[in-house]
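Descriptive structure summary
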Amino acid sequence: MTALLTELDTTARAALKSPTTIEDTTLFPSVDSLYSRKPTWKRIKDAVVVSADLKNSTQLSFGKYINTSAKIYEASTAPLVSILWAFKPAFVDIQGDGAFAIYHGERATERALCAAITIKTFSAVTLEPKIREILGEKVPDTGLKTGMDRGTLIARKLGVHGTNEPVWAGRPVNFAFKCAGRADAHGLIVTEEVFKHFASNDYVTHSCDHSDPPTELWHETDVEKLGTHSKCKELTSHWCENGCGDRFATAILTGQKKRETVTRA
């Protein structure tokens, strides 16, 4: 152990003393293009991160009820990843009981938001009811909880040579994870940085025309772990099941913003 700690001391000192290069890139870098043998990070601007995981996953029993817990992981994670990929992310990674995706490029924030709302809808309308229907009351209250942020990332590969993995460092990943951690089952919390992008988009801010008149869908919430950025927004609904969901998603993805039925104060 002493020898290992001595070696790590040398590694940490070298990393802190050596010059680090930040290389700007306009295109999202492939994992293969990330540096692993030199301290050069690629900087990606306007990256949007969606993170989601299971509520109460630590209460799932991997002892007596290991089969039940495995079923819940499979029923939640596979569809979650399918949703993330459906909106054309640049990168997706599965982590334990959840996953995160990075969106970049044209309408990245719109694609990420549609993915996040779809996760929320799947969790509330399909996942949790099916868990209750099929597995009964022997599992804790659960469901996917989602967070979202946007900003600048830096990336490179780190780890032991031969097993280097991509590291995406920066606020968007950290904040998206913390927003998801603050959310409840079927919840979606986004940072102010995300919400201000949609603040004048009627398809995002207000309910469909089944409400007369359409009502605002977001309320303020605090994510204390974000420090000075703790003021966030939480979505109170999900995609309408009467056909409006598809129409609204298409409108958001194609850049539409105004609806005649929405009146703003």
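Since we're looking at a predicted model, the values are computed, not measured.

What follows concerns the packing of aromatic side chains. For the structure on display, the rule yields six aromatic pairs. Centre to centre, the rings of Phe-28 and Trp-168 are 5.2 Å apart; their planes meet at 25 degrees, and the pair counts as stacked. A residue pair is termed long-range when its members are at least 10 positions apart, and Phe-28 in the loop between strand S1 (21–25) and strand S2 (40–54) and Trp-168 in strand S6 (residues 165–169) qualify at 140 residues. A network of ring pairs unites the aromatic residues Phe-28, Phe-91, Phe-100, Trp-168 and Phe-177 as a single cluster. We note Lys-233 situated over the ring of Phe-195; from NZ or CZ to the ring centre the distance is 5.0 Å. The cationic tip of Arg-259 hangs over the ring face of Tyr-203; the distance from NZ or CZ to the ring centre is 5.7 Å.

Taken together, the buried positions of helix H7 (residues 244–253) are occupied by Cys-244, Gly-245, Phe-248, Ala-249, Ala-251 and Ile-252. Seen along its axis, H7 keeps its buried residues to an arc of 160 degrees; they face one direction. Contacts from the buried residues of H7 go to helix H3 (108–135), helix H5 (192–198) and helix H6 (202–205).

The next thing to look at is the packing of H3 against H7. One way to put it is that H3 packs onto H7 with a least axis distance of 9 Å and a crossing angle of 160 degrees. With respect to their mutual orientation, H3 and H7 come out roughly antiparallel. Across the interface between the two elements, Glu-110, Arg-111 and Cys-114 from H3 touch Ala-249, Ile-252 and Leu-253 from H7. Each residue belonging to the contact of H3 with H7 can be placed in one class, and the counts come to four nonpolar, no polar and two charged.

With the rule as written, the count across this model stands at 12 salt bridges. When the shortest N-O distance is used, the salt bridge between Glu-193 and Arg-150 registers 3.7 Å. Of this pair, Glu-193 sits in helix H5 while Arg-150 sits in strand S5 (residues 144–158), and the two are 43 residues apart along the sequence. Owing to a relative accessible area of 26%, Glu-193 belongs among the partly exposed residues under this scheme. Taken together, the salt bridges that share partners define one network made up of Glu-128, Arg-132 and Asp-141.

Rules behind the numbers
Starting from 1, residues in each chain are numbered consecutively following that chain's sequence as written. Only residues with pLDDT of 70 or above have their local features reported here, since the model is predicted, and side-chain atom pairs are shown and tallied only from 80 upward, although totals for entire chains, interfaces and linings are computed over all residues. To obtain the side-chain values, all non-hydrogen atoms of the structure were used and water was disregarded. To pair, rings of Phe, Tyr and Trp, with the six-membered ring standing in for Trp, must have centres within 6.5 Å; the planes then decide the type, stacked if under 30 degrees apart, edge-to-face if over 60, and tilted in the middle. Going along the chain from the N terminus, every DSSP run of H or I of four or more residues is numbered as a helix, and every run of E of two or more is numbered as a strand. The rule is short: NZ of Lys or CZ of Arg within 6 Å of the ring centre and within 35 degrees of the ring normal puts a charge over the ring. Only protein chains enter the accessibility calculation, which uses a 1.4 Å probe; a residue whose area is less than 20% of its type maximum is buried, one above 50% is exposed, and one in between is partly exposed. Arc definition: it is the arc formed by the directions from the helix axis to the C-beta atoms. Two residues qualify as a contact provided that any one of their heavy atoms is within 4.5 Å of a heavy atom in the partner residue. Helix axes use the C-alpha atoms of the stretch in contact, all axes being lines fitted to C-alpha atoms, and the angles between their N-to-C directions lie in the range 0 to 180 degrees. Put simply, angles under 35 degrees are roughly parallel, angles over 145 are roughly antiparallel, angles from 65 to 115 are roughly perpendicular, and the rest are oblique. Only Asp, Glu, Lys and Arg are considered charged in this grouping, and only Ala, Val, Leu, Ile, Met, Phe, Trp, Tyr, Cys and Pro are considered nonpolar; every other residue, Gly among them, is considered polar. In the sections that follow, a salt bridge refers to a side-chain nitrogen of Lys or Arg positioned within 4 Å of a carboxyl oxygen of Asp or Glu.

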